[in-house]
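These are the residues of each chain, in order.
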Amino acid sequence: MLKIGFDAKRLFFNDFGLGQYSRTLVRHLRELYPDNEYHLFTPGTRVTADTRFFADPSKFKIHTPNGPFTSWWRYTGMIKAIRRSGVDVFHGLSHELPFGIRKTNAATVVTMHDVYYKKFPSEFSIGDRWIYEMKYRHALRNADHVIAASHATARDLNDLFNTIPQNTSIVYQACDDIFYQSAQKHPQKIPYILFVGSIIPRKNLMLIPRAFKLLRETNPYRCIVVGSGKSYEKKVRQYIHAQDLDDRFIFYKNLNQKDLAELYAQASALVSPSFCEGFGRPVLEAMVAKRPVIISAKTSMEEIAGNCGIIIDPHDPESLADALKGLDEMTEKHKDCFTSRIQKFEKHILSEFLMKIYIDCAKK
């Protein structure tokens, strides 16, 4: 039996990528390896439909701060909690390890998802870039094992840092079970494509209304957007309105996994025109739901989708317009590859790989 600890802040408080990754990984380990002892270290908890499983004290030991300074606890007090818990392995699920982690006896694993702050610095303030640089370098120096979310992320780490340990593994993400269970219960009244992700320049949502503009007379689709943003979302909405496309777009800021799974199940396709992704979780979720994925060339999403992906140039709205015009034909061409492709992301395989990493680290 192992005692395994996780930095669980994003598990409880992040509704999207890093939070979904954390919840899926920890849930699958707890379900598949129930004899281990699982510890969640977090400055607080938030119970929702997606986090209720983790608030069960019969399944997890939750460690939270006692004092008022919760924001600093992850950098100071959490070390004391880790030491008291006696965990064998501590896994930083999102690019970072607590400062002072070497003062504990725990072996350390960290997942590195991406290096966006280096590749897209304009999306981050100077202060945020400085903080990320400090956290990333500390994590890479102090991890006994580094997990990269994809080969693309591993290449970026090697290109941009000089402290990558030799013991780095590529471990893909698994998908929440609910995406396998969803089914198309009702026929589509109006066909739609789906965009899932933060509405920021890197995610390139603007390409969709630009393509819709080109297809104005022949486009059968609406677009459902699941995500939120600030200035870039405002810019996209202004463009949609200026092009008289308001009736073609529906925006949802936040959906639980069940509602999101139902949207995938009935979508004509997922469109993910990002300029860069560390992994591309929505691509996997759509593939599990056996929906076509339209993805950007030369990104990690090609690595995830393999031959199942419909590849476009993220800089060219005509490329997306052509993909949408030929979507029915491409769907027929790609539909048989989904079953074999998603086996690479099966939870039993990925969880077993993680457990081997934990056991090897704990032995050292």
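That block above? That's the structure.
Fair warning: this is a prediction, and the values are worked out from it, not measured in the lab.

Points about a positive patch on the surface
A cluster of like positive charges, contributed by K80, R83, R84 and K103, occupies part of the molecular surface. Its location among the elements puts R84 in helix α4 (residues 77-85). The exposed category is assigned to R84, whose relative accessible area is 65%.

Regarding the pairing of strand β2 (residues 37-41)
Burial of β2 is extensive: five of the five residues sit out of reach of the surface. What you see with β2 is no split at all: E37, H39 and F41 on one side and Y38 and L40 on the other are buried throughout. As judged from the five bridges shared by strand β1 (residues 3-7) and β2, these two strands associate in the parallel manner. Residue D7 lies in a different strand from β2, and its bridge partner there is F41.

A short note on α4
Among the residues making up α4, those that are buried are G77, M78, I79, A81, I82 and S85. Buried residues along α4 sit against β1, β2, β3 (61-63), α3 (70-73) and β4 (89-92). G86 lies just past α4 and shows a positive phi near 70°.

Let's talk about the sheet that holds strand β5 (residues 107-112)
Strands belonging to one sheet form pairs held by backbone hydrogen bonds; the direction of such a pair is parallel or antiparallel. With parallel pairing, the seven strands of this open sheet are ordered in space as β3-β2-β1-β4-β5-β6-β7. Bordering the open sheet on either side are β3 and β7 (168-170), each of which pairs with just one other strand. Direction aside, the axes of adjacent strands within the sheet are offset by 20° on average. Pairing analysis gives three bridges linking β1 to β4, with the strands arranged parallel. Bridge pairing links F6 to H91 in β4. Sheet strands in contact with α4 are β1, β2, β3 and β4, and its direction is about 170° off that of β2.

Focus on the packing of aromatic side chains
Using the criterion set out here, one finds 16 aromatic pairs in the structure. For the ring pair F6 and Y358, a centre distance of 6.5 Å and an interplane angle of 70° mean the geometry is edge-to-face. Of this pair, F6 sits in strand β1 while Y358 sits in helix α17 (residues 347-363), and the two are 352 residues apart along the sequence. With respect to class, F6 is no different from Y358; both count as buried. Each ring, one from Y117 and one from Y136, has its centre 4.9 Å from the other, and the planes form 70°; the classification is edge-to-face. Within this pair, whereas Y117 is found in helix α5 (residues 116-119), its partner Y136 is found in helix α6 (residues 126-142), the two being separated by 19 residues in sequence. Side by side, Y117 and Y136 carry an identical accessibility label, which is buried. A connected cluster of aromatic rings, assembled from ring pairs, spans Y117, F124, Y132, Y136 and F161. One Lys or Arg, R27, reaches over the ring of F53 and ends 4.2 Å from the middle of that ring. The lysine or arginine in question, R202, covers the ring of Y116, its NZ or CZ lying 3.5 Å from the ring centre.

Structural notes on the packing of helix α9 (residues 207-214) against helix α14 (residues 317-325)
For any two helices packed against each other, the geometry comes down to the angle between their axes and how far apart the axes lie. Axis separation between α9 and α14 bottoms out at 8 Å; the angle between their running directions is 65°. The orientation of α9 relative to α14 falls into the category roughly perpendicular. The hand of the α9/α14 crossing is right-handed. Residues L207, I208, R210, A211, F212 and L214 of α9 lie in contact with α14, whose contacting residues are P317, E318, L320, A321 and L324. Of the residues contributing to the contact of α9 with α14, the split by class is nine nonpolar, no polar and two charged.

A few points about the pattern of salt bridges
For the structure shown, the criterion picks out 21 salt bridges. A salt bridge links E96 to R10; its shortest N-O distance comes to 3.3 Å. In this pair, E96 sits in the loop between β4 and β5 while R10 sits in helix α1 (residues 9-13), placing the two residues 86 residues apart along the sequence. For E96, a relative accessible area of 5% gives the class buried. Put simply, K325 and D322 hold a salt bridge, and the shortest N to O gap is 3.4 Å.

Conventions adopted
Residues numbered from 1 in each chain as written. Predicted model: local features only at pLDDT ≥ 70, side-chain atom pairs only at ≥ 80, totals over all residues. Heavy atoms only, no water. Patch = residues over 30% accessible without salt bridge, like charges linked within 9 Å, V, L, I, M, F, W, Y side chains within 5 Å. Areas by Shrake-Rupley, 256 points an atom, 1.4 Å probe, with all protein chains shown as cover. Salt bridge = Lys/Arg side-chain N within 4 Å of Asp/Glu carboxyl O. Lys, Arg positive; Asp, Glu negative; His and termini not counted. Charge placed at Lys NZ, Arg CZ, Asp CG, Glu CD. Helix = DSSP H or I, 4+ residues; strand = E, 2+ residues; numbered from the N terminus. Buried < 20%, exposed > 50% of the residue type's maximum accessible area, 1.4 Å probe, protein only. Pairing = 2+ DSSP bridges. Contact = heavy atoms within 4.5 Å. Axes fitted to C-alpha atoms, helices over the stretch in contact; angles between N-to-C directions. Phe/Tyr/Trp six-rings, centres within 6.5 Å; stacked < 30°, edge-to-face > 60°. Lys NZ or Arg CZ within 6 Å of the ring centre and 35° of its normal. Parallel < 35°, antiparallel > 145°, perpendicular 65-115°, else oblique. Left-handed = near helix turned anticlockwise from the far one by under 90°. Nonpolar A, V, L, I, M, F, W, Y, C, P; charged D, E, K, R; others polar.

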